[in-house]
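Residue-level listing of the chains:
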Amino acid sequence: MSKNNKKNNDLNIKTIWKMLRSEKGRRYSFIIFYIFFFGFLFIFINANHLNSTVETTSGEEYSLPFNTKLLEQNSYNFKYIVKSNLDELLYKGIKNSNSITIIDDAGEHLFSYKNGVLIGDYNILYKELFDIYEIKRIIKSGKLISETKLSETGEIIYNYDITNSNLDNILNNSITSLELINKITVKTNSKKEFIEINYDLINYEKDINPLLSEFKVTLEIGDIDG
């Protein structure tokens, strides 16, 4: 390095140092410090928010031990059976995009999703129990008791308990025996894809109709069109 270059560098360093030590320089130093400090803080907060969002989304997506995405995204057929000691009702259903068609002896009845809620004029008992989104709410409100894998088929059985109180938050019947327990059994295939759910709701339904000694609802998923 030439003497002139070295001298210029020394002058520049001395000039900058002198400027920073001056009254005006100290003010600029504080301004620069605060710009970097708040810039770093902004980046840090946004990075944490992004991580929190990713973790929340992942938690929601995997909060159930089985997969319901096929039923949420695709069309499929199903059977909906309501059985008690008084009678038995059988419905066939077709879920297609944002609508569900229910078929019984009286004909075909259309239900459709509006703002995420299944709406329909036909009076069918507990449409929430064949609505996959409400099914997820019900299961998340329950408590997983056991998980069993069937060696012959690879199917998996999940057993849940749910209180009358938690169930009534979804079915809205204003029952009184809030602490009684109901049983829910979910069956999946070997890939943990939802294929059947059985509700044993006698403790819930008996609060409404004391004449009942049995009340079970079954949802069986048929062909799924991808």
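Refer to the structure presented above.
Our subject in this report is the structure included herewith.

### Focus: the overall build of the protein chain
Here's step 1: Along the backbone of the protein chain there are 6 helices and 10 strands.
Here's step 2: By residue count, 30% of the 226 residues in the protein chain fall in the buried class.
Here's step 3: Counted over contacts in the protein chain with a minimum sequence separation of 6, partners at least 24 positions apart contribute 47%.
Here's step 4: Carbon and sulfur atoms make up 54% of the accessible area of the protein chain, which totals about 14,900 Å².

### Focus: unusual backbone geometry
Here's step 1: Within the chain, Asn115 stands out as a residue other than glycine whose phi angle is a positive 55 degrees.
Here's step 2: Along the polypeptide, Asn115 turns up in the loop between strand E4 (107-114) and strand E5 (117-119).
Here's step 3: The exposure class assigned to Asn115 is exposed, which follows from its relative accessible area of 84%.
Here's step 4: With a phi close to 60 degrees, Asn172 is a non-glycine residue in the positive phi region.

### Let's talk about the sheet that holds strand E9 (residues 194-200)
Here's step 1: Strand order in the open sheet formed by 10 strands is E5-E4-E3-E2-E1-E10-E9-E8-E7-E6, with antiparallel pairing between adjacent strands. The open sheet terminates on both sides in strands that have one partner only, identified here as E5 and strand E6 (143-149). Sheet twist, expressed as the mean angle between neighbouring strand axes with direction ignored, is 20 degrees.
Here's step 2: Pairing of strand E1 (residues 75-84) with strand E2 (residues 88-96), which is carried by 8 bridges, proceeds in the antiparallel orientation. When the sheet's bridge partners are listed, Asn77 is paired in E2 with Ile94.
Here's step 3: The sheet contacts of helix H4 (residues 132-141) involve E1, E4, strand E7 (156-163), strand E8 (181-188), E9 and strand E10 (215-225), and relative to E9 the element is tilted by about 60 degrees.
Here's step 4: Along the sheet face, helix H5 (residues 164-171) touches E7 and E8 and points at about 90 degrees away from the line of E7.

### A few points about the pairing of E9
Here's step 1: In this structure, E8 lies alongside E9, joined through 6 bridges in antiparallel fashion. Bridge pairing links Ile184 to Tyr199 in E9.
Here's step 2: With 5 bridges joining them, E9 and E10 adopt antiparallel strand pairing. Its bridge partner lying in E10, Ile197 is registered against Leu219.

### Some thoughts on the environment of Lys149
Here's step 1: Tracing the chain through its elements places Lys149 in strand E6.
Here's step 2: Classification of Lys149 by relative accessible area gives exposed; the value is 59%.
Here's step 3: Those residues in contact with Lys149, other than ones at most four positions away along the chain, are Gly154, Glu155 and Ile156.

### As for H5
Structurally, the α-helix is built with 3.6 residues per turn, so residues lying three or four positions apart point the same way.
Here's step 1: When H5 is considered as a whole, its buried residues turn out to be Asn164, Leu167, Asp168, Ile170 and Leu171. The arc that holds every buried residue of H5, seen down its axis, measures 155 degrees, which confines them to one face.
Here's step 2: In this structure, the buried residues of H5 make contact with H4, E7, E8 and helix H6 (202-205).

Here is what the cut-offs are and how they apply
Residues numbered from 1 in each chain as written. Predicted model: local features only at pLDDT ≥ 70, side-chain atom pairs only at ≥ 80, totals over all residues. Heavy atoms only, no water. Helix = DSSP H or I, 4+ residues; strand = E, 2+ residues; numbered from the N terminus. Buried < 20%, exposed > 50% of the residue type's maximum accessible area, 1.4 Å probe, protein only. Contact = heavy atoms within 4.5 Å. Areas by Shrake-Rupley, 256 points an atom, 1.4 Å probe, with all protein chains shown as cover. Pairing = 2+ DSSP bridges. Axes fitted to C-alpha atoms, helices over the stretch in contact; angles between N-to-C directions. Arc of directions from axis to C-beta.

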